[in-house]
Structure formats: structure tokens, C-alpha cells
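A closer look at the structure
For reference, the chains in residue letters:
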Amino acid sequence: MAPFACTRCGKCCISLGRHIRIEGSLSTVQYYCRVAVSGELLPVSVQPELRELFASGDQDPAWCPFLRKDAAGLFTCTIYQTRPRICREFRCRTMIIYDQSGREAGYVKGRRTLVSGDAGLEDVWQKIPSGADDTSLKGILRNHGYRAESLD
Ligand code: SF4
Ligand code: SF4
């Protein structure tokens, strides 16, 4: 398995924003965070090296309240070390699929959602039985000239 590489595009935290809210504060850097979908309530702390970004970085009321965009356009979780479980377990990509030339042809989001602009791959994907496990899925892709790599 290849390690998962986050590009810090922020999409996950922007969409998770509607589920995460600040329920109370102990100081300007310590909060109680509520995860609406699970009901989890946990104390979180803004990391010392991210306090300036937390106070002055770009933010949007629709995003997670702990998400900030820095001057380079990268998104940062300012409570990364104490973030909720839902965030720790989230993986936007579970598999990457390469074509015969080694180019990334698409990726799998969640359990079985293909994200790809490759018409051939989309066509093969439609033929994969919904209950296929990873080994069969990879075999079917291989038979059509694609190589799939799971991400941990
Ligand atoms: S986990 Fe995925 S969606 Fe979230 S910031 Fe990283 S690359 Fe973007
Ligand atoms: S707590 Fe951090 S990881 Fe979780 S949604 Fe907010 S910014 Fe993203």
C-alpha cells in the first residue's frame, strides 16, 4: 500500500464544516468542539505554531471553524493534533488508478466512488460488480490495462 498524501486542498474540511461547531471556549485557543453527526463533544486546542494563522488566516463561516487558508492558498487544520475522530478516520482517496503509461487515470473516493476523466476507465468501472472485493476489482482493471494501488 502507498501512503496517503494529502494535498491540503481543503475540500474535506470545507464540507465537514457543516458538521463541526464550537460549543464553548475555555480561552482564545481552547474550545469544546461538537461533531453534529456523531454527537461527540471534545476539548480541542489550537496548536501553538498555528495560533497566528488561526487568528488571522482566511476563513469562511461555511467551513469548519478550525480551518484556515494560508497566504500560499493551502488549507490547514489548526487543531490537527486534537481533531475529532471523524477527521482522523477520513480518507478522501482510498485507491489510485494508473493507465498503461503510468499516468494517474483516476482515484476511488470512499468505498467505491470513481473520480476520473478517463472515458475508458469509467466504462470498465461500470462493468465491475458492486460486491467485488479489492482483489477482483484490481484484476478486472488489470485486464483492461489499468493498475490500481490501495492507499493506507
Ligand atoms: S484529505 Fe483529501 S480532500 Fe482533504 S485536504 Fe487532503 S487531499 Fe484535500
Ligand atoms: S477539525 Fe480539522 S480536520 Fe476536522 S474538519 Fe475541521 S479543519 Fe478539518
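Structure's up top.
Residues numbered from 1 in each chain as written. Chains lettered and ligands numbered in written order. Predicted model: local features only at pLDDT ≥ 70, side-chain atom pairs only at ≥ 80, totals over all residues.

Moving on, we get to the overall build of the protein chain. Summing up its helical and strand segments, the protein chain has 5 helices and 9 strands in all. Traced from its N-terminal end to its C-terminal end, the protein chain shows the element sequence α-β-β-β-α-β-β-α-β-β-β-α-α-β. In summary, the protein chain has a C-alpha radius of gyration of 19 Å against a globular reference of 15 Å for 152 residues, an excess of more than 25%. Of all intrachain contacts in the protein chain linking residues separated by at least 6 positions in sequence, the fraction that spans at least 24 positions is 47%. (Helix = DSSP H or I, 4+ residues; strand = E, 2+ residues; numbered from the N terminus. Rg over C-alpha atoms; globule rule 2.2 N^0.38 Å. Contact = placed C-beta atoms within 7 Å.)

Next up on the list: the site of ligand 2. With respect to spatial proximity, the complete set of residues near ligand 2 consists of C13, L16, I20, C64, F66, L67, C77, I79, R83, P84 and C87. Broken down by class, the residue content of the shell around ligand 2 amounts to 10 nonpolar, no polar and 1 charged. (Near = placed C-beta within 6 Å. Nonpolar A, V, L, I, M, F, W, Y, C, P; charged D, E, K, R; others polar.)

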